[in-house]
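Reading the structure
Given next are the chains, with one letter for each unit.
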Amino acid sequence: MANANGNIHKDHRKRLTARYDKYGLASFEEHNILELLLFHSIPRADTNGIAHELINTFGSLYDVMCAPYEELLRVKGVGPASASLIRTVADTAREANLRKIASVPLDDYPRLAMYATEWFLGKQAGVVAVILLNDKNLIVHTETLSSSHTIRSASYANTLETLASKHDACRLVLMHNHANGVMKPSDEDLYLTEQLYHILREKNITILEHLIVYKFDCLPILDQALHARVSGFPVALSPEEITFLLE
């Protein structure tokens, strides 16, 4: 019986692989794509049920490919080899896209938004990062500044100045992601953006933009920060005494 089942799975794999070779992934349902991928980490067993379980757990192929390694392991049938395969494939595709985008000057907003949303794929909520650029608007480095929902702004400008010096950057883009999908800056977002803009400008470092990111959406807030009259902050309050709150 085991051999018979093995033959069934083997024939199914052959059919699915032949279908992929002939038509590509566009003809596949989402679970079929995962099923095909899992052939490489599960050499003999049926992967159809595991693929369905992954879709049911995370909701879509996109969300499966963005899922953290530890969460993938919680799905029945997914072992370390399969979780590692999914993460490696997703991270490789993401890194290839990022490097392609970064290979030319980041001199228009659509390309910047594309880079930012791609960079945040799979990131937990509340991540703050900076894109560092040289005088030709080429990306020289991107770094996570914080992975918490609250950032103390003491020495924040110094951190950015140090990174810019280390990577020979004179321009930068700040970005952080919102967990709830509300694309609206807080007063803290606006206040600190404006403060950092002026502090860094005196050090010959230009903040080109500050982006709020949620999935495929980006909201630029630099212009709003520079022209806003944020209420609720005493005039005597220094940037070091403000907390950068991320929604």
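Nothing here was measured: the structure is a model prediction, and the numbers come from that model.

**Quick look at the overall build of the chain**
Along its length, the chain carries 10 helices and 7 strands. When the 247 residues of the chain are sorted by exposure, 43% land in the buried category. Restricting to contacts in the chain with at least 6 residues of sequence separation, those with at least 24 account for 63%. Surface summary for the chain: the accessible area is close to 13,300 Å², and the carbon and sulfur share equals 52%.

**Here we look at the packing of aromatic side chains**
Evaluation of the coordinates by the stated rule reveals 2 aromatic pairs. An angle of 50 degrees between the planes, with centres 5.2 Å apart, marks the rings of Tyr62 and Phe216 as tilted. In this pair, Tyr62 is assigned in helix α4 (residues 61-66) and Phe216 in the loop between β5 (206-214) and β6 (217-220), connecting sequence segments 154 residues apart. Here Phe216 falls in the exposed class, since its relative accessible area comes to 59%. With a centroid separation of 5.0 Å and 85 degrees between ring planes, the pair formed by Trp119 and Phe120 is classed as edge-to-face. Judged by relative accessible area, Phe120 falls into the buried class, the value being 7%. Its end group placed over the ring of Trp119, Lys123 keeps NZ or CZ at 4.0 Å from the ring centre.

**What to know about the pairing of strand β1 (residues 128-133)**
Counted residue by residue, β1 has 6 buried out of 6 residues, so it is predominantly covered. Side-chain alternation along β1 places Val128, Val130 and Leu132 on one buried face and Ala129, Ile131 and Leu133 on a second face that is also buried. The antiparallel pairing of β1 with strand β2 (residues 139-146) creates a hairpin that spans 5 residues between the two strands, and Asn137 there sits at a positive phi of about 65 degrees. For β1 and strand β4 (residues 171-177), the ladder comprises 6 bridges, and the chain directions are antiparallel. Following the sheet pairing, Ala129 is matched in β4 by Met175.

**Some details on the confidence of the model for the chain**
Where the model shows low pLDDT, its predicted coordinates should not be examined in detail. Taken over all residues, the pLDDT of the chain has a mean of 85, while the share at 70 or more is 85%. Element-level mean pLDDT values for the chain span from 37 in strand β7 (residues 243-245) up to 97 in helix α3 (residues 48-58).

**Quick notes on the nonpolar core**
In this structure, Leu34, Leu54, Val64, Leu72 and Ile86 are the most contacted members of the largest nonpolar core, which totals 25 residues. Those elements giving two or more residues to this core turn out to be α2 (30-38), α3, α4 and α6 (80-101). Not counting the four nearest positions on each side in its chain, Leu72 is found in contact with Leu54, Phe58, Val64, Ala67, Val78, Ala83, Ile86 and Arg87. If you look at the next biggest cluster of nonpolar residues, it comprises 20 residues, including Ala113, Leu133, Ile139 and Met175.

**Description of the packing of helix α8 (residues 156-166) against helix α9 (residues 187-201)**
The description of two packed helices rests on the angle between their axes and on the distance between the axes. Where α8 contacts α9, the axes come no closer than 10 Å and their chain directions differ by 50 degrees. One way to sum up the angle between α8 and α9 is to call them oblique. Handedness of the α8/α9 crossing: right-handed. Between α8, through Tyr156, Ala157, Leu160 and Glu161, and α9, the contact on the second element is made entirely by Leu196, Ile199 and Leu200. Its residues assigned to classes, the contact of α8 with α9 shows 6 nonpolar, no polar and 1 charged.

**Description of the packing of α2 against α3**
Where α2 meets α3, the axes come as close as 8 Å, and the angle between the chain directions of the two elements is 125 degrees. The pairing of α2 with α3 is recorded here as oblique in orientation. Crossing of α2 over α3 shows right-handed handedness. Contacts from Glu30, His31, Leu34, Glu35 and Leu38 in α2 reach Asn48, Ile50, Ala51, His52, Leu54 and Ile55 in α3.

Rules used throughout
Residues numbered from 1 in each chain as written. Predicted model: local features only at pLDDT ≥ 70, side-chain atom pairs only at ≥ 80, totals over all residues. Heavy atoms only, no water. Helix = DSSP H or I, 4+ residues; strand = E, 2+ residues; numbered from the N terminus. Buried < 20%, exposed > 50% of the residue type's maximum accessible area, 1.4 Å probe, protein only. Contact = heavy atoms within 4.5 Å. Areas by Shrake-Rupley, 256 points an atom, 1.4 Å probe, with all protein chains shown as cover. Phe/Tyr/Trp six-rings, centres within 6.5 Å; stacked < 30°, edge-to-face > 60°. Lys NZ or Arg CZ within 6 Å of the ring centre and 35° of its normal. Pairing = 2+ DSSP bridges. pLDDT = per-residue confidence, 0-100. Core = buried A, V, L, I, M, F, W, Y, C linked by side-chain atoms within 4.5 Å. Axes fitted to C-alpha atoms, helices over the stretch in contact; angles between N-to-C directions. Parallel < 35°, antiparallel > 145°, perpendicular 65-115°, else oblique. Left-handed = near helix turned anticlockwise from the far one by under 90°. Nonpolar A, V, L, I, M, F, W, Y, C, P; charged D, E, K, R; others polar.

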